[in-house]
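# Observations on the model geometry
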Amino acid sequence: MGEKVAATQFSREDRQRYREKVKRNLDVFARMLREARFDADKRSIGLEIELNLTDNAGVPALMNQAALEEIADPAFVTELGQFNVEINIPPRLLTGDVFGELEQQVRASLNAAEDKVTRIGAHMMLVGILPTLGEQHLNDSALTANPRYALLNEQIFAARGEDLALRIDGVERLAAYADSIAPEAACTSVQLHQLVHPDDFASHWNAAQAIAGIQLAVGANSPFFFGKELWRETRIALFEQATDTRPEELKAQGVRPRVWFGERWITSIFDLFEENVRYFPALLPLCEDEDPEAVLTRGDTPALGELKLHNGTVYRWNRPVYEVVRGRPHVRVENRVLPAGPTVVDILANAAFYYGLVRTLTESERPIWSQMSFSAAEDNLHAGARDGIDARVYWPGVGDVPVTELVLRRLLPLAHEGLENYGVDPFARDRLLGIIERRCVEEANGASWQSRTFRRLYEDDGLDRAEALRRMTVAYRDNMHSNEPAHTWPLG
């Protein structure tokens, strides 16, 4: 979504032309699936991590352009807010010491970048929502100076016709309005990619949907927004509202939101792209010159730019991705549920749990998605986001159960089995899944540490709210650099 754009306004003809082009792209994609045009090579995983920038005091630093100039590494790119950057980790095969290699590479890249941005008074933080963000930091002036972000902001508000209402009831209650999509920038996440054969996509996506709520519960790391303690993973509720193009009347009519869990299990990746085209009007109706039918007929691979762009404006928690690399097409599942942080090793523990569990679930003789309703999976998503490590979720065969009990008794053994089947190094497997185990045993993760530390500073030490949040943020940042799992952190 960060690519440059030329158009600043769209005509009715632009929108009609774009709609027709997207439908042509969809037809060509269907033909590619029928004709087995996709590679059947070894499958790989990839990783994207969004970060926040703070100043020395832990307050948001709106200086991503200056930070990127200092870092001077093409792996780091801008994000929506001026206090955000993102690092993209090259894909690699899920086998052997992949997690050890990822840990070494990510830590080395982040440490090198941190050393450089400190020269301009900035620091990087891995956290789902920066606790010190206030309303003064989230307006249209906080958006990164990129024409696409400005255009996206304009189009979302043109569709809504009114300001965004942010309403979140959690430990405390938030009621606020926003006149831009800047609150979306508060939501920093980790995206886990997995390249799969199109024939295997549906089972991987269904499995990812089935465990999304469990991922959120054990990995929650976003309890504060606008100075209030809300959900354990407030990022979910905030993102759903911050990019909502629907006024109240369309919500009442049941019009689907653009931040969407979905509404059914699927049988093909085509189902998701077809839903995008059927249900969602264009936000950025930008057409390219490519004739996808002609490209495919001559034996080349079409980019399907309009289909990809449209897919990028429908914010699924597990998103389908079509890409062309070195002239060959592939598809992958992009898991977007998890928050950033608290540490690199916590991120990789979350990744190991996800990849191992999905592997075993996709190979089960009786798929988990044939045993539970889709609405139950969606309910789990919001339960995990709201209550975090204390959540209760539904799981076939056990019913309503504490998420910690479910993970310890049922899901961790499945994750171990999946990673073993991938050929992942046993030491790395046991170390990372051991972090998930200890979180559940101790009922502690990034969100619970933030909440407990804030409460000690605010209630026991008598600091005012803003100062308690600031001190907690600085203590979090110091612990983050230790790379020790968050459940082991002392209270700040």
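So, here's what we can say about the structure. (Residues numbered from 1 in each chain as written. Predicted model: local features only at pLDDT ≥ 70, side-chain atom pairs only at ≥ 80, totals over all residues. Heavy atoms only, no water.)

## What to know about unusual backbone geometry
Heads up, the rule is: Runs of E in the DSSP output that reach at least two residues are strands. Runs of H or I that reach at least four are helices, and both are numbered from the N terminus. When accessible area is computed with a 1.4 Å probe and restricted to protein chains, residues below 20% of their type maximum are described as buried, those above 50% as exposed, and intermediate ones as partly exposed.
In the segment running from Gly-341 into Pro-342, the intervening peptide bond is cis, with an omega of 0 degrees. Examined against the element boundaries, Pro-342 turns out to sit in the loop between strand S13 (328-335) and helix H11 (344-362). The phi dihedral of Leu-304 falls on the positive side, at around 55 degrees, and the residue is not glycine. Position of Leu-304 relative to the elements: it lies in the loop between helix H9 (292-297) and helix H10 (305-311). You will see that Glu-443, though not glycine, has its phi angle at about 50 degrees, which is positive. Structurally, the position occupied by Glu-443 is in the loop between helix H14 (426-442) and helix H15 (446-460). For Glu-443, a relative accessible area of 39% corresponds to the partly exposed category.

## So, helix H13 (residues 403-422)
Inclusion rule: One axis fitted to the seven residues ending at a residue, another fitted to the seven starting there: the angle between these axes is the bend at that residue.
Along its length, H13 shows its largest kink, about 50 degrees, at Leu-411, and proline Pro-413 lies within four residues downstream of that point. Looking at H13, one finds that the buried residues are Val-403, Thr-404, Leu-406, Val-407, Leu-411, Leu-412, Ala-415, Gly-418, Leu-419 and Tyr-422. Gly-423, located one to two residues past H13, shows a positive phi value of around 80 degrees.

## Observations concerning the packing of aromatic side chains
Where we set the bar: Side-chain rings of Phe, Tyr and Trp (the six-membered ring for Trp) are treated as a pair once their centres are within 6.5 Å; stacked means planes under 30 degrees apart, edge-to-face means over 60, and tilted covers the remaining angles.
Tallied over the entire structure, the rule returns 19 aromatic pairs. Relative to Phe-273, the ring of Phe-29 has its centre 5.1 Å away and its plane inclined at 70 degrees; by these criteria the two rings are edge-to-face. Of this pair, Phe-29 sits in helix H1 (residues 12-34) while Phe-273 sits in helix H8 (residues 269-279), and the two are 244 residues apart along the sequence. Summarising the burial analysis for this pair, Phe-29 and Phe-273 share the class buried. Look at Trp-205 and Phe-374: their rings are 6.3 Å apart centre to centre, the planes differ by 15 degrees, and that puts the pair in the stacked class. Taken together, the residues span a long stretch of sequence, with Trp-205 in helix H5 (residues 198-219) and Phe-374 in helix H12 (residues 374-387) at a distance of 169 residues. You can call Trp-205 buried: its relative accessible area is 0%.

The values are spatial; any link to function lies outside them.
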